[in-house]
Amino acid sequence: MKIDESLVQWVEIDSQAFRHNVQEFKKRLGRTELMAVIKANAYGHGLLVIARLAKEAGIRWFGVNNVEEGLALRQAGFDQAILILGYVPLSQAEAVVHYDLRTVVYNLENLKVLARAARQQKKKAFVHLKIETGTNRQGIPIKKLGIIFREIKKLPEIVVEGLSSHFANIEDTTDDVYPRYQLNNFLEAINWFKRQGVEIPVKHMSCTAAAMLFPETHFDLVRVGIGLYGLWPSRETLVSCRMRGQEPLKLKPVLSWRAKVAQVKSIARGACIGYGCTYRTTRPTKLAVIPVGYYDGYDRSLSNSAYVLIRGKRAQIRGRVCMNFIMADITDIPGVKLEDRVTLIGTDGKEKITADQLASLAGTISYEIVTRINPLIPRVIV
Ligand SMILES: Cc1ncc(COP(=O)(O)O)c(C=O)c1O
C-alpha cells in the first residue's frame, strides 16, 4: 500500500511477516488452537488491522484486555471467540453477555452479575476460570475451587468453557523449575475438576515462551502475543530453545515505525541541542529534526542514546527526546533533505533498528516499546 503523503509519521504493518509468524506457530501446535493476543492495541500494531490479518490467517480466538477492545472488534464485524483477559467491572456484565464476549473470571461477585445479566438476556455467559498457580496476579487459589464450584452449580446461566492460568517466570530465565511448578499446579486444578466429573473443554496456560518451549503446556489453546508480532519474548527464551535442542522459530518483525524529516540544519561546534542543553556539539554539525517525541511513545530515556536510520545510515539522537520532536546527527550522511524518510524501528537498506535494541537502550522490554507507540499514529498495511 502507498503511504499517504500527508503523514508525518506512520507505523507499517507487514502482512506477509504476520502470516509467516502465524504459520511458524501453527506448525508446532498440532490440534491445539491458536489465540491471537491482541490486547493493548495489538501490542501497538493496531487492533483492527491485526484482527483482520489474524482472521485472514484463520485464527478463531482473540485475547483482549477489556470490554472496550472486545466491543471495538464486534462493532467492526469480527465474530471470533473473544476472551477478555483483564478485569471486567461488575457494571459491564450486561455488555459482556450482549456482545457475546467471554471473560476470564476469578471472583464470585463477577460470576453472579454475569449470571444475572445472562438470565435477563435469556442467554448464557461463557467464562474461563483463572487458576492461581503461582503468578499471584489474577486467579482462584486451588483450595478455593470447592467454594467457587459449589456456587457455580447454583448459576445455570454460567458455562464454564475454559480453565486458564499464566506463567510468572518463563521469559526471564533458562531455568524451568518455576514453570514446571506452575504447570503441576494447573494439572492439579484440572484433576480436581475431573474428580467432580467435569471436563472443561478449553484449557490454556501458554504464552509465546511456553508455546515455544513446553509442548506439554499447550493443552487446547495457546495465547500467543509477542511471537505473532515477530518478536522474541526475551534472549533467555531463544537460549532455552537452543539448550533444549529445539529449532528456534523463524520470526519476522511485523512493525516498522517511520517518520519524515521536518528540518535540516547546520549548527556550529560547541552549540547545545535541545532541552537542558544535555548535548554540546564537538564539531560543526548537521542535524535532522524529526517530528516524533515521547508523546508518540519514543521513550525519553532514549535521549542521547538511540539512533534512527536515514538514507540507510545510522543517525545518533542528540539531546533530549522532546514531547513531539527528536534531533538526529546527520553530519556523516550526505544529501539528507526535508521530508526524507526516517526509520525509528525497522530496516532501511542494510541497516536495521529493532524493538529489542530500543528496549535494551531504554532499560525495558520490547513489549513496552511497541505497546507504547501512540495509538493515534496511523497503522498502514504494507
Ligand atoms: C494472560 C496473558 N496471556 C497471554 C499473554 C501473551 O503473552 P506473550 O506476549 O508473551 O505471548 C499475556 C501477555 O501479557 C497475558 O497477560
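Residues numbered from 1 in each chain as written. Predicted model: local features only at pLDDT ≥ 70, side-chain atom pairs only at ≥ 80, totals over all residues. Heavy atoms only, no water.

### Points about the site of the ligand
In step 1: Near the ligand lie 13 residues; those nearest to it are Tyr-43, Thr-208, Arg-223, Ile-226 and Tyr-367.
In step 2: Contact between the ligand and Lys-39: an oxygen atom at 2.9 Å from a side-chain N or O atom of the residue.
In step 3: One of the side-chain nitrogen or oxygen atoms of Tyr-43 is found 2.6 Å away from an oxygen atom of the ligand.
In step 4: When the ligand sits alone it has 400 Å² of accessible area, and the protein chains cover 93% of it.
In step 5: Mapped by element, the contributors of at least two residues to the shell around the ligand are helix 2 (39-43) and strand 10 (221-224).
In step 6: Considering only residue class, the shell around the ligand consists of five nonpolar, three polar and five charged. (Near = heavy atom within 4 Å. Polar contact = N/O pair within 3.5 Å; in protein donor to acceptor, adjacent residues only side chain to side chain. Areas by Shrake-Rupley, 256 points an atom, 1.4 Å probe, with all protein chains shown as cover. Helix = DSSP H or I, 4+ residues; strand = E, 2+ residues; numbered from the N terminus. Nonpolar A, V, L, I, M, F, W, Y, C, P; charged D, E, K, R; others polar.)

### A short note on the pairing of strand 11 (residues 255-260)
In step 1: When you tally the buried positions in strand 11, you get six out of six residues, the bulk of the element.
In step 2: With burial as the criterion, each face of strand 11 is covered, one bearing Leu-255, Trp-257 and Ala-259 and the other bearing Ser-256, Arg-258 and Lys-260.
In step 3: Looking at chain direction, strand 11 and strand 19 (residues 341-348) are connected through four bridges and run antiparallel. Counterpart to Ala-259 in the pairing with strand 19 is Val-342. (Buried < 20%, exposed > 50% of the residue type's maximum accessible area, 1.4 Å probe, protein only. Pairing = 2+ DSSP bridges.)

### Regarding a nonpolar patch on the surface
In step 1: Judged by side-chain polarity, Tyr-294, Tyr-295, Met-323 and Leu-376 come together as a nonpolar surface patch covering roughly 450 Å² of accessible area.
In step 2: Along the chain, the position of Leu-376 falls in the loop between helix 12 (366-371) and strand 21 (379-381). (Patch = residues over 30% accessible without salt bridge, like charges linked within 9 Å, V, L, I, M, F, W, Y side chains within 5 Å. Salt bridge = Lys/Arg side-chain N within 4 Å of Asp/Glu carboxyl O.)

### Description of the environment of Ala-36
In step 1: Residue position: Ala-36 is located in strand 2 (residues 33-37).
In step 2: Expressed as a C-alpha distance, the spacing of Ala-36 and Phe-62, which sit 26 residues apart in the sequence, is 5.0 Å.
In step 3: In contact with Ala-36, not counting residues within four places along its chain, are Ala-54, Ile-59, Trp-61, Phe-62, Gly-63, Val-224 and Leu-228. (Contact = heavy atoms within 4.5 Å.)

### A few points about the domain arrangement of the protein chain
In step 1: One can read the domain layout of the protein chain as domain 1 (31-243) and domain 2 (255-381).
In step 2: The partner domain 2 presents ten residues to the 14 residues of domain 1 that form the contact.
In step 3: Each partner contributes to the roughly 1,100 Å² buried at the junction of domain 1 and domain 2, and carbon and sulfur atoms together form 65% of this total.
In step 4: At the surface where domain 1 touches domain 2, the tally comes to zero salt bridges. (Domains from an automatic or database assignment. Buried area = accessible area lost by both parts, 1.4 Å probe.)

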